[in-house]
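An overview of the molecular structure
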Amino acid sequence: MLILAIESSCDETAAAISENGRKILSDVVFSQVDMHAEYGGVVPEIASRKHVEKVSFVALEAVKKAGISPRDINAVAATCAPGLIGALLVGANFGKAAALSLGVPFIPVHHIRGHIAANYVAFPELEPPFCALVASGGHTVIADVRGYTDMEVLGTTRDDAAGEAFDKTARVMGLPYPGGAAMDGAAKKGDPKRFRLPRAVIEDAPFDMSFSGVKTAAVNLIHNFTQKGEEVPVADIAAAINDAVCDSIVPRVVAAAESAGRKTVVAAGGVAANSFLRARLSEECGKKGIKVYYPPLSLCGDNGSMIACQAYYEYLAGNVGNSSQNCYATMPLSENLSKLAL
Ligand code: KG4
Ligand code: ZN
C-alpha cells in the first residue's frame, strides 16, 4: 500500500511516500527556518502562507522521487492535530483535495503519534507496547503506547515544552535559531554545577513536568549578567539548562515505564536529538534493564516519513477520515482523529 503523507503542523512543509508503513520511498522537506529566524520564533501567519506556496511542489517532488505515478497512490494522509491551526489546515486541505481527486481514502494523523512512528521507520523490529517520550518545540509527553493506535498519556508538561525552554533561553543569549542544537553544543563546554536552576515537582501527578520555571530562572540569570555589563557565561548557563531539563524528564520516563510495566522506551521529537538527554536516558534505563530507541537525527524533527508510516497503521485500524475532516490546535494523543470527521 502506497501512502502520500503531508506534514505542515509548524514550520516545515514536508511530504513522503511510504510503502506498507515502514518502507519510505521518498521524503521531501522544505524548511522555513530561515524565514522565522529573523523573528526569533515561528510566526504562524508566515508559516501558513509559506505552506500554501510550497505544499504542491513538495508533494509532487515526493511522488517524483519515489518513482511512482500519482495514480499508484492508495491513500493520502496529512497531519490534522496538534499544531498551528492555520498551518495544519493548509496540509490537511491539500491532502483532502488530493485524496478526492485520486479517488482514495484520506487519513488524518496525530502529529505526536507521527513522531513516535519515526522509530518504526528506523527500527524494523520495533513494535508496541512500549513507553514513549515525545519532546519537541511544542510538546513534552510521556505515553504508554499499547498498540499502534492505542495510547494513553501518562505525563505531560503543564506549561512550556522542553524545546521552548531551550529556544527562548538560546535567543536571549544570542545563539542561532532554533536554539536547541546550539544549546546542546554550547553545554558541552560548560560546567553544569556552576548554576542551579529549578526542577519543578507537580503534586499528585508524578509524571507531569513543567519547564516555564527553568526558562524564567535562566532568563533572569542571563539578564543579571547583561544588566551589570558582564559577559554572559553562555556555556555554563547552557549546561545548567540541559541539566535541569534532563533531571525533569529522565527520572519520570523511567518511573512511567516501570509503572506501566514496559521494558522498552522510545524517544522522539526534536529534543530527542539532545546528546545529554540521550546519554542520561540510556544510563538510567540501562540500570533498570530498559532498552531505549532513538530515531536518527534526520527523523527527530518534523518530517513526512513519520506521518506516512503512522498513517498506514491508522488505516489498518480503520481510522479513515473524509472531506469534512477538520484540524485541531490541541488534541489528546488517545483520540482517533477520524472519529471527529462528520
Ligand atoms: O519536533 P520538532 O522539529 O518540532 C516540533 O514539533 O516542535 O522539534 C523542534 C525542537 C526545537 O525546540 C529545537 O530547538 C529542538 O527541537 N531541538 C533540540 C535539539 N535539536 C533540536 N533541543 C535540544 N537539543 C538538541 N540537540
Ligand atoms: Zn513535531
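Above this text you will find the structure in question.
Keep in mind the model is a prediction, meaning the values are calculated, not measured.

Quick notes on the rules
- Residues numbered from 1 in each chain as written.
- Chains lettered and ligands numbered in written order.
- Predicted model: local features only at pLDDT ≥ 70, side-chain atom pairs only at ≥ 80, totals over all residues.
- Heavy atoms only, no water.
- Near = heavy atom within 4 Å.
- Polar contact = N/O pair within 3.5 Å; in protein donor to acceptor, adjacent residues only side chain to side chain.
- Areas by Shrake-Rupley, 256 points an atom, 1.4 Å probe, with all protein chains shown as cover.
- 1 Å grid on protein atoms, 1.4 Å probe; cavity = no way out; pocket = protein on both sides within 12 Å on 5 of 7 lines; lining within 4 Å.
- Sits in = over half its atoms within 2 Å of the grid points.
- Nonpolar A, V, L, I, M, F, W, Y, C, P; charged D, E, K, R; others polar.
- Domains from an automatic or database assignment.
- Buried < 20%, exposed > 50% of the residue type's maximum accessible area, 1.4 Å probe, protein only.
- Helix = DSSP H or I, 4+ residues; strand = E, 2+ residues; numbered from the N terminus.
- Contact = heavy atoms within 4.5 Å.
- Core = buried A, V, L, I, M, F, W, Y, C linked by side-chain atoms within 4.5 Å.
- Donors = N, O, S within 2.8 Å, 3.2 Å for Na, K, Ca; no water.
- Tetrahedral: all angles 85-135°; square planar, octahedral: opposite > 155°, others 65-115°.
- Pairing = 2+ DSSP bridges.
- Axes fitted to C-alpha atoms, helices over the stretch in contact; angles between N-to-C directions.

**Looking at the site of ligand 1**
Taken together, 19 residues are adjacent to ligand 1, and Gly137, Asp167, Gly180, Asp184 and Asn274 come closest. Contact between ligand 1 and glycine 163: an oxygen atom at 3.5 Å from a main-chain N or O atom of the residue. Between ligand 1 and aspartate 167 there is a distance of 2.6 Å, counted from an oxygen atom to a side-chain nitrogen or oxygen. Here ligand 1, which alone exposes 560 Å², has 86% of that area covered by the protein. A majority-of-atoms criterion places ligand 1 in the largest pocket. Grouping the amino acids of the shell around ligand 1 by side-chain chemistry returns five nonpolar, eleven polar and three charged. When we break the shell around ligand 1 down by domain, the ones giving at least three residues each are domain 1 (2-115 + 302-340) and domain 2 (128-299).

**A look at helix H5 (residues 162-172)**
By the burial criterion, the buried members of H5 are Ala162, Gly163, Glu164, Ala165, Phe166, Thr169 and Ala170. Residues of H5 that are buried sit in contact with strand S7 (140-147), helix H6 (179-187), helix H7 (212-227) and helix H8 (234-260). Within two residues after H5, glycine 174 carries a phi angle of roughly 75°, on the positive side.

**With respect to the nonpolar core**
In this structure, Ile249, Val265 and Leu281 are the most contacted members of the largest nonpolar core, which totals 49 residues. Sorting the residues of this core by element identifies strand S6 (130-135), H5, H6, H7, H8, strand S9 (264-268) and helix H9 (275-287) as the ones contributing at least two each. Counting residues per element, this core draws most heavily on H8, which supplies 14 residues. In this structure, leucine 281 is in contact with Leu133, Val250, Val253, Val265, Ala267, Gly286, Val292 and Tyr294, ignoring residues within four places of it in sequence. Judged by nonpolar contacts, the second largest core, of 33 residues, contains Ile107, Val109, Ala117 and Ala311.

**Quick look at the coordination of the zinc ion (ligand 2)**
Taken together, the protein ligands of the zinc ion (ligand 2) are His111 (NE2), His115 (NE2) and Asp302 (OD), with distances of 2.0 to 2.1 Å. Coordination geometry of the zinc ion (ligand 2): the four donor atoms subtend angles of 95 to 140° at the metal centre, consistent with an arrangement described as irregular. For the zinc ion (ligand 2), the donor residues sit on a single chain with the sequence spacing H-x3-H-x186-D. On the criterion of sequence distance, the pair formed by histidine 111 in helix H4 (residues 111-122) and aspartate 302 in the loop between helix H10 (297-300) and helix H11 (304-316) is long-range, its members being 191 residues apart. We classify aspartate 302 as buried; its relative accessible area is 16%.

**A look at the sheet that holds strand S4 (residues 75-81)**
Spatial strand order, S3-S2-S1-S4-S5: five strands in an open sheet with mixed pairing. Only two strands of the sheet have a single partner each, and these edge strands are strand S3 (23-31) and strand S5 (106-110). Here the average twist between neighbouring strands, direction ignored, is 20°. In terms of strand pairing, strand S1 (residues 2-7) meets strand S2 (residues 12-19) through six bridges, oriented antiparallel. Bridging across to S2, leucine 4 finds its partner in isoleucine 17.

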